[in-house]
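Listed here are the chains, written in short residue letters.
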Amino acid sequence: RHKIRKIDGNNVLVKVDYIPKGTRSQGWMGIPDQSNYTMQADVQATTKNSQIGDIGMSAQRYTIDLMGSSQQVQIRSWVTNLERVGKSVKFPWQAGVWYTMKIRVETDGKTATVRGKVWKRDDKEPDAWTIEAVDEAPNLVGSPGLFGSATNAEFYMDNFTVTPN
């Protein structure tokens, strides 16, 4: 589902688009009882038939998803139940450009605050969060991970970090 490929002179993780029934994926790293951390990665989409794939990361069972076809960024807990914790904002972005994505989850035992940022990699990190959601029935723990759908086109990920808040 993923391969290492040299892109722009660096080895990056590539989510390939040629696996039938397997172009959507999630993968986790670390231990499942982690909490209150921030994950960051650089991402770049490609196009295929004028479409862009979806690129994302997971933190503490929440996902930030940079959605290519709809040109938005979304935070969610369960893709099948966006009413519980799901928020989307318009976010125009383009294939062939490196972006930095960040997701931060903070829990206090009663709620989880999930914040996400996306910006062009070569630009200064914005002070404001791009998107934010509060979960009143929070996921208190969960492994950091990667998410994506290369159904429409491949994408690249690089420079992953996970840091405690």
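As shown above, the structure is provided for reference.
What you are looking at is a predicted structure, and each value in this text was computed from that prediction instead of being measured.

What counts and what doesn't
Residues numbered from 1 in each chain as written. Predicted model: local features only at pLDDT ≥ 70, side-chain atom pairs only at ≥ 80, totals over all residues. Heavy atoms only, no water. Helix = DSSP H or I, 4+ residues; strand = E, 2+ residues; numbered from the N terminus. Buried < 20%, exposed > 50% of the residue type's maximum accessible area, 1.4 Å probe, protein only. Contact = heavy atoms within 4.5 Å. Areas by Shrake-Rupley, 256 points an atom, 1.4 Å probe, with all protein chains shown as cover. Lys, Arg positive; Asp, Glu negative; His and termini not counted. Charge placed at Lys NZ, Arg CZ, Asp CG, Glu CD. Pairing = 2+ DSSP bridges. Polar contact = N/O pair within 3.5 Å; in protein donor to acceptor, adjacent residues only side chain to side chain.

Undergrad: Mind showing me how you'd approach the overall build of the chain here?
TA: Secondary structure summary: the chain contains zero helices and 15 strands in total. Once the C-alpha set of the chain is aligned to its principal axes, its extents read approximately 45 × 35 × 30 Å. Sorting the 165 residues of the chain into buried and exposed places 49% on the buried side. A sequence separation of at least 24 residues applies to 61% of the contacts in the chain between residues at least 6 apart. Summed over all atoms, the accessible surface of the chain reaches about 8200 Å², with 49% contributed by carbon and sulfur. Averaging the coordinates of the 21 positive side-chain charges in the chain and doing the same for the 18 negative ones gives two points 5 Å apart.

Undergrad: What's the story with the pairing of strand β4 (residues 37–45) in this structure? I'm lost.
TA: In summary, the side chains of a regular strand alternate between the two faces of the sheet. For β4, a buried count of eight out of nine residues is recorded, marking the element as mostly surrounded by other parts of the structure. Across eight bridges, β4 lies against strand β15 (residues 155–164) in antiparallel orientation. The partner of Val-43 across the bridge, within β15, is Met-157. The pairing of β4 with strand β11 (residues 99–107) spans six bridges and is antiparallel. The residue bridging Thr-38 from the neighbouring strand is Arg-104, located in β11.

Undergrad: Got a minute to help me understand the side chain of Arg-76 in this structure?
TA: Along the chain, Arg-76 turns up in strand β9 (residues 72–76). In this structure Arg-76 comes out as buried when scored by relative accessible area, which is 4%. Among the polar contacts listed, one links the side chain of Arg-76 to the side chain of Gln-74, at a separation of 2.5 Å.

Undergrad: How should the pairing of strand β14 (residues 145–149) be read in this particular structure?
TA: Of all five residues making up β14, five are buried, and the element is well covered by its neighbours. The alternating pattern of β14 places Gly-145, Phe-147 and Ser-149 and Leu-146 and Gly-148 on opposite faces, both of which are buried. Relative to β14, strand β7 (residues 54–59) is paired through five bridges, and the arrangement is antiparallel. Looking at β14, one finds that Gly-56 is bridged to Phe-147.

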